Amino acid sequence: AQTVTQSQPEMSVQEAETVTLSCTYDTSESDYYLFWYKQPPSRQMILVIRQEAYKQQNATENRFSVNFQKAAKSFSLKISDSQLGDAAMYFCAYKARYSGGGADGLTFGKGTHLIIQP
Amino acid sequence: DTEVTQTPKHLVMGMTNKKSLKCEQHMGHRAMYWYKQKAKKPPELMFVYSYEKLSINESVPSRFSPECPNSSLLNLHLHALQPEDSALYLCASSQVPWGSTLPLHFGNGTRLTVT
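Residues numbered from 1 in each chain as written. Chains lettered and ligands numbered in written order. Predicted model: local features only at pLDDT ≥ 70, side-chain atom pairs only at ≥ 80, totals over all residues. Heavy atoms only, no water.

Caption draft 1: How the structure looks around the overall build of chain A. Each helix and strand counted, chain A has zero helices and twelve strands in total. Taken from N to C terminus, the helices and strands of chain A fall in the order β-β-β-β-β-β-β-β-β-β-β-β. Taken against the 2.2 N^0.38 rule, which gives 13 Å for 118 residues, the C-alpha radius of gyration of chain A at 14 Å falls within 12% of a compact globule. Dimensions along the principal axes, computed over C-alpha positions, put chain A at roughly 45 × 30 × 25 Å. In chain A, which comprises 118 residues, the proportion classed as buried is 53%. Here the contacts in chain A between residues at least 6 apart in sequence split such that 57% fall between residues at least 24 apart. Charged side chains of chain A number 11 positive and 11 negative; the gap between the two group centres comes to 5 Å. (Helix = DSSP H or I, 4+ residues; strand = E, 2+ residues; numbered from the N terminus. Rg over C-alpha atoms; globule rule 2.2 N^0.38 Å. Buried < 20%, exposed > 50% of the residue type's maximum accessible area, 1.4 Å probe, protein only. Contact = heavy atoms within 4.5 Å. Lys, Arg positive; Asp, Glu negative; His and termini not counted. Charge placed at Lys NZ, Arg CZ, Asp CG, Glu CD.)

Structure, rendered in structure tokens:
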């Protein structure tokens, strides 16, 4: 069974600084997706960034980028120029591409609470 | 704005009550999901419907009864709940199988309190 580990329960960063959230995972699959979701106090789970395992290039979305190390099974999220609106719980998640007949749930890590200091 | 709409936003119910949570999406997704989330914890998968058929039930107690009347609607019927069932209930939808677009669309959730 696959597992996702986020070893940082809480992180704090000064506004405008850069912060990196770590995530490791364990799987026997070779083709899968990895995601970072953000959940602010408004409760909605918002997709921040996604990575497909067969793509070697690291995904980027504006101030958000990942460092995907497939051999090490590591998938960290870097947030540049942190803003107050980035404060939220961040969940790393995994899904095998072909599991569950195409419709099954994500495997989530336990989450990292990100605090932005003004 | 979310494209997955959940109602109600908040619900308080007694242990003898019967209530229902509702979820609606109009993105043409054919998979819909119920998740349960406790405070400061990740979402836990409860049920998955694929093409309106229940495809995954993660050993959820029978006091939770899902229903998918059509491809746009998903209900969760609640009966004889316990205080420990108090949580945020999230609905989500996706294509089947997952394509190159956004994988899971989540709603804003229903905050359930059982007294």
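Caption draft 2: Main features of the pattern of salt bridges. Residue and element names in this part refer to chain A. What the rule picks out here adds up to seven salt bridges over all chains. A salt bridge links Asp26 to Lys73, with the nearest nitrogen and oxygen atoms 3.6 Å apart. Separated by 47 residues along the polypeptide, Asp26 in strand E4 (residues 24–26) and Lys73 in the loop between strand E8 (64–69) and strand E9 (74–79) bring together distant segments of the chain. Under the relative-accessibility criterion, Asp26 is labelled partly exposed at 41%. (Salt bridge = Lys/Arg side-chain N within 4 Å of Asp/Glu carboxyl O.)

Caption draft 3: Representation of the nonpolar core. Residue and element names in this part refer to chain A. Among the nonpolar cores identified, the biggest contains 26 residues, and Tyr25, Trp36, Phe75, Leu77, Tyr90 and Leu114 are the most heavily contacted of them. Contributing elements (two or more residues each) for this core: strand E3 (19–21), strand E5 (32–39), strand E6 (46–52), E8, E9, strand E10 (88–96) and strand E12 (112–117). Top element by residues in this core is E10. It accounts for five residues. Apart from residues no more than four positions distant in its own chain, Phe75 is found in contact with Cys23, Tyr25, Leu34, Phe35, Trp36, Gln51, Val66, Asn67, Phe68 and Cys92. (Core = buried A, V, L, I, M, F, W, Y, C linked by side-chain atoms within 4.5 Å.)

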